[in-house]
Amino acid sequence: DTAVSQTPKYLVTQMGNDKSIKCEQNLGHDTMYWYKQDSKKFLKIMFSYNNKELIINETVPNRFSPKSPDKAHLNLHINSLELGDSAVYFCASSPSGADTQYFGPGTRLTVL
Amino acid sequence: GENVEQHPSTLSVQEGDSAVIKCTYSDSASNYFPWYKQELGKRPQLIIDIRSNVGEKKDQRIAVTLNKTAKHFSLHITETQPEDSAVYFCAASKSTNAGKSTFGDGTTLTVKP
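What counts, and at which threshold
Residues numbered from 1 in each chain as written. Chains lettered and ligands numbered in written order. Predicted model: local features only at pLDDT ≥ 70, side-chain atom pairs only at ≥ 80, totals over all residues. Heavy atoms only, no water. Contact = heavy atoms within 4.5 Å. Buried area = accessible area lost by both parts, 1.4 Å probe. Salt bridge = Lys/Arg side-chain N within 4 Å of Asp/Glu carboxyl O. Polar contact = N/O pair within 3.5 Å; in protein donor to acceptor, adjacent residues only side chain to side chain. Helix = DSSP H or I, 4+ residues; strand = E, 2+ residues; numbered from the N terminus. Nonpolar A, V, L, I, M, F, W, Y, C, P; charged D, E, K, R; others polar. Pairing = 2+ DSSP bridges. Buried < 20%, exposed > 50% of the residue type's maximum accessible area, 1.4 Å probe, protein only. Core = buried A, V, L, I, M, F, W, Y, C linked by side-chain atoms within 4.5 Å. Axes fitted to C-alpha atoms, helices over the stretch in contact; angles between N-to-C directions. Disulfide = S-S within 2.5 Å.

Here we take up the interface of chain A and chain B. In many analyses, interface size is given as the accessible surface area lost on bringing the parts together. Listed by partner, the interface residues are 23 residues for chain A and 21 residues for chain B. Both sides together, the interface formed by chain A and chain B hides about 1,800 Å², and carbon and sulfur atoms give 55% of it. Applying the counting criterion to the chain A and chain B interface returns two salt bridges. Close ionic contact of Asp-99 of chain A with Arg-51 of chain B constitutes a salt bridge, the shortest N to O distance being 3.5 Å. Linking chain A to chain B there are five residue pairs in polar contact (both at pLDDT 80 or more). Counting only elements with at least two residues in the side of chain A that touches chain B, the list comes to β4 (31-37), β5 (43-50) and β6 (53-57) of chain A. Taken together, the residues that form the side of chain A that touches chain B break down as twelve nonpolar, seven polar and four charged.

Set out below in structure tokens:
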């Protein structure tokens with residue numbers, strides 16, 4: 001009964017490829033997020049969705065496209081992968097905006 | 001937008017000592033301040049939080065204090081143990097900002113046995 005799950009856990013790919021990361025939460029939360037954590041451990045928000053609607057889109061290259069088919073799922077598709085995209089990507093959810101966030105286990109993306 | 005500064009970036013203490021991590025925020029409308037602990041290779045997890053209508057909150061060895069006037073909040077860990085070693089993140093958010101939490105840059109705490 002995992003609360004927030006992500007797949008895959010590890011992703012190794014070549015530059016220029018397109019890849020997707022999937023996220024699902026079974027907590028009934030309205031808000032979901034994608035974060036990028038780089039090698040320096042900084043945790044930076046990329047996107048936030050509330051009830052399938054995009055709320056926050058930080059200065060992220062448009063090669064990154066989030067998709068929320070329903071409020072329990074938020075997927076991240078990345079086109080034309082670059083070396084600098086290598087990082088750990090965390091999905092998270094919360095009941096509302098100003099509330100505890102529950103993080104998924106992370107997806108370690110390595111671009112070669 | 002909100003800016004959160006966290007200090008120190010690294011902190012090393014002896015087991016049994018106290019550890020204090022401080023964060024300042026810029027948006028006076030922020031009203032929710034969580035602290036997350038991230039162990040090596042794991043996900044960030046909430047350890048304690050405080051809302052703007054409260055000045056202090058304690059949970060066993062962990063406490064958080066909030067000074068709204070000065071716009072800073074602090075995490076206090078007493079009687080530290082080696083398992084407290086982790087990266088700690090503070091964050092700030094507000095109810096009217098529909099989902100955006102701004103995180104500090106993290107503090108790597110090492111507790112030496």
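Back to the write-up after that little detour.
Residue and element names in this part refer to chain A. Across five bridges, strand β7 (residues 64-70) lies against strand β8 (residues 73-78) in antiparallel orientation. The residue bridging Asp-70 from the neighbouring strand is His-73, located in β8. Here β7 folds back onto β8 in antiparallel fashion, the turn holding two residues.

Residues and elements named next belong to chain A. As enumerated under the stated definition, the model contains nine salt bridges over all chains in all. In this structure, Asp-85 and Arg-63 form a salt bridge, with 2.8 Å as the shortest nitrogen-oxygen distance. On the criterion of sequence distance, the pair formed by Asp-85 in the loop between β8 and β9 (87-94) and Arg-63 in the loop between β6 and β7 is long-range, its members being 22 residues apart. There is no split in this pair, since Asp-85 and Arg-63 are both buried.

With that settled, consider the nonpolar core. Counting residues in hydrophobic clusters, the biggest one holds 23 residues, and the most contacted among them are Trp-35, Phe-73, Leu-75 and Leu-109 of chain B. Elements that contribute at least two residues to this core include exactly β2 (10-14), β3 (19-25), β4 (32-38), β5 (45-51), β7 (62-67), β8 (72-77), β9 (86-93) and β11 (107-112) of chain B. Setting aside chain neighbours within four positions, we find Phe-73 of chain B in contact with Ile-21, Lys-22, Cys-23, Tyr-25, Phe-33, Trp-35, Thr-65, Leu-66, Cys-90 and Ala-91 of chain B. With 20 residues, the next largest nonpolar core counts Met-46, Val-60, Ile-78 and Tyr-89 of chain A among its residues.

Another point: the sheet that holds β8 of chain A. All names here are of chain A. Overall, antiparallel pairing links the four strands, which are arranged β1-β3-β8-β7 in an open sheet. The two strands at the open ends of the sheet, each matched to only one other strand, are β1 (4-7) and β7. Neighbour-to-neighbour, the strand axes of the sheet open up by a mean angle of 20°, direction not taken into account.

This brings us to the state of the cysteines. In total, this model carries two disulfides over all chains according to the counting rule given. Note that Cys-23 of chain A is cross-linked by a disulfide to Cys-91 of chain A, the S-S spacing being 1.8 Å. On the S-S bond that ties Cys-23 of chain A to Cys-91 of chain A, the torsion sits near -75°, and the link is left-handed. Here Cys-23 of chain A, found in strand β3 (residues 19-25), pairs with Cys-91 of chain A, found in strand β9; they are 68 residues apart in sequence, far enough to count as distant. The residues Cys-23 of chain A and Cys-91 of chain A share a single accessibility class, namely buried. Here Cys-23 of chain B connects covalently by a disulfide to Cys-90 of chain B, the sulfurs 1.9 Å from one another. Given an S-S torsion of about -100°, the disulfide between Cys-23 of chain B and Cys-90 of chain B has left-handed geometry. Taken together, the positions of Cys-23 of chain B in strand β3 and Cys-90 of chain B in strand β9 put the pair 67 residues apart, joining distant regions of the chain.

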